[in-house]
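The chain contents come next:
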Amino acid sequence: MVLAAGLGTRMRPLTETRPKALVEVAGRTLIDRVLDRLVEAGVRRAVVNVHHFADMLEAHLARRTDIEILIADERAALLDSGGGVRNALPLLGREPIFVANIDSLWTEDVTPPLEQMKAAWDPARMDMLLLLTRRDHGIGFEGPRGFLMDTDGRLTHSADDARPAPFANVGFQILKPETLDGEPDGAFSILPVWWRLQGQGRLFGVVMDAFWMHVGDPAARAEAEARLTR
């Protein structure tokens, strides 16, 4: 599941004429960079949600031939980070899925992060596995909130603004679809799902070795582009 329906307000003026997913970094769109990573990890089918400039994004995605792409249409209303996945469950099936944001890039000369996730995933213990990065190993961090992790990899979401959490959410996760079965239809954030799972001891994390780049606004885009073109 690729979350691509957002308005991209912080990326203006670039998103005044296109969806954020089609903003280019070093000559390749954000969504193609994410799909490239998923293909490398062995993903053969992706569901992409659309809203802002939906027709433009659908036309772009139709040109890819290396992965099957299904569209989750949110033209009528945005459904947020949890509701968007919940809405797409009929297309996603019942096996564990990757969920990916479009604004996370990385550079690597180590184990690919999605391979780290696949190796760490243990459905007997986990309902969700988040890909994390250390705060000293990336760019584009936003605020002090993030995650604490115990020695077994279990996560606690930290909202202590006075003490920055050591790990930040990269925006990729592995999720059991049934985790969202009890959630309401319509828009909702994934945050309450994190909180529920951490209380059950079913929320885990794995820390990426690669250098993370959060491309949230034009300045972060420029910095990521500079790193990718060195």
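Here's a quick rundown of the structure. None of these values were measured; they are calculated from a predicted model. (Residues numbered from 1 in each chain as written. Predicted model: local features only at pLDDT ≥ 70, side-chain atom pairs only at ≥ 80, totals over all residues. Heavy atoms only, no water.)

With that out of the way, let us pick up the overall build of the protein. When helices and strands are tallied, the protein shows 6 helices and 14 strands. Whereas a compact globule of 230 residues would reach a radius of gyration of roughly 17 Å, the protein reaches 17 Å, a difference of no more than 12%. Across its three principal directions, the C-alpha atoms of the protein cover 45 × 40 × 35 Å. Looking at the protein residue by residue over its 230 residues, the buried ones come to 49%. Total accessible area computed for the protein in this model is approximately 10500 Å², and 50% of it derives from carbon and sulfur atoms. For the protein, the distance from the average site of its 27 positive side-chain charges to the average site of its 33 negative ones is 1 Å. (Helix = DSSP H or I, 4+ residues; strand = E, 2+ residues; numbered from the N terminus. Rg over C-alpha atoms; globule rule 2.2 N^0.38 Å. Buried < 20%, exposed > 50% of the residue type's maximum accessible area, 1.4 Å probe, protein only. Areas by Shrake-Rupley, 256 points an atom, 1.4 Å probe, with all protein chains shown as cover. Lys, Arg positive; Asp, Glu negative; His and termini not counted. Charge placed at Lys NZ, Arg CZ, Asp CG, Glu CD.)

Relative to the assigned elements, D127 resides in the loop between α4 (113-120) and β8 (128-134). Its relative accessible area of 14% is what places D127 among the buried residues.

Here we take up helix α3 (residues 80-92). For an α-helix, the turn length of 3.6 residues means that residues three or four places apart are oriented alike. Spanning 13 residues, α3 covers 17 Å between terminal C-alpha atoms, matching the ideal 18 Å at 1.5 Å per step. Along α3, the helix axis deviates most sharply at R86, where the bend reaches about 30°; the proline P90 sits within four residues downstream. Buried within α3 are the following residues: G82, G83, G84, V85, A88, L89 and L92. Contacts from the buried residues of α3 go to β1 (2-3), β4 (45-50), β5 (68-73), β6 (97-101) and β12 (167-175). Positive phi appears at G93, one or two residues downstream of α3, with a value of about 85°. (Expected span 1.5 Å × (residues − 1). Bend = angle between axes of the 7 residues up to and from the residue. Contact = heavy atoms within 4.5 Å.)

Take the packing of aromatic side chains next. Inspection of every chain in the model, using the stated rule, returns 2 aromatic pairs. Look at W106 and F172: their rings are 5.1 Å apart centre to centre, the planes differ by 65°, and that puts the pair in the edge-to-face class. Of this pair, W106 sits in strand β7 (residues 104-107) while F172 sits in strand β12; the two residues are 66 residues apart in sequence, bridging distant segments of the chain. Each member of the pair, W106 together with F172, is buried. Between the aromatic rings of F147 and W194, the centroid separation amounts to 5.1 Å while the plane-to-plane angle is 65°, which identifies the pairing as edge-to-face. (Phe/Tyr/Trp six-rings, centres within 6.5 Å; stacked < 30°, edge-to-face > 60°.)

Before going further, it helps to spend a moment on the sheet that holds strand β9 (residues 138-139). Strand order in this open sheet of 3 strands is β7-β14-β9, and the pairing throughout is mixed. Two strands bound the open sheet, and with one partner strand each, they are β7 and β9. Relative to strand β14 (residues 211-214), β9 is paired through 2 bridges, and the arrangement is parallel. Considered in β14, the bridge of G138 is made with W212. (Pairing = 2+ DSSP bridges.)

What follows covers the nonpolar core. The biggest cluster of nonpolar side chains holds 36 residues, and the ones touching the most others in it are I31, L35, L38, M117 and F172. Within the residue set of this core, elements represented by two or more residues are α1 (30-40), β4, α2 (54-61), β6, α4, β8, β12 and β13 (203-207). Among the elements that line this core, the one with the most residues is α1, at 4 residues. Once residues lying within four places of it in the same chain are set aside, the contact partners of L38 are V2, V43, F98, L114 and F172. Counting 25 residues, the second largest nonpolar core, distinct from the first, contains L89, W194, L203 and V207. (Core = buried A, V, L, I, M, F, W, Y, C linked by side-chain atoms within 4.5 Å.)

The subject of this paragraph is the environment of V85. Structurally, V85 is set in helix α3. C-alpha of V85 to C-alpha of V47: the two residues are 38 residues apart in sequence and 9.3 Å apart in space. Leave out the neighbours within four places in its chain, and V85 touches M1, L3, L92, I97, V99, L175 and L180.

A word on the environment of L197. Following the sequence through the fold, L197 ends up in helix α5 (residues 191-199). The residues contacting L197, other than those within four sequence positions of it, are D127, M128, T179, R202 and L203.

Moving on, we come to unusual backbone geometry. In the segment running from R12 into P13, the intervening peptide bond is cis, with an omega of 10°. The residue P13 is located in the loop between β1 and β2 (24-25) in this model. Within the chain, A26 stands out as a residue other than glycine whose phi angle is a positive 55°. As for its position among the elements, A26 is in the loop between β2 and β3 (28-29). Here the phi dihedral of D80 falls at roughly 70°; this positive angle occurs in a residue that is not glycine. Looking at the secondary structure, you find D80 in helix α3.

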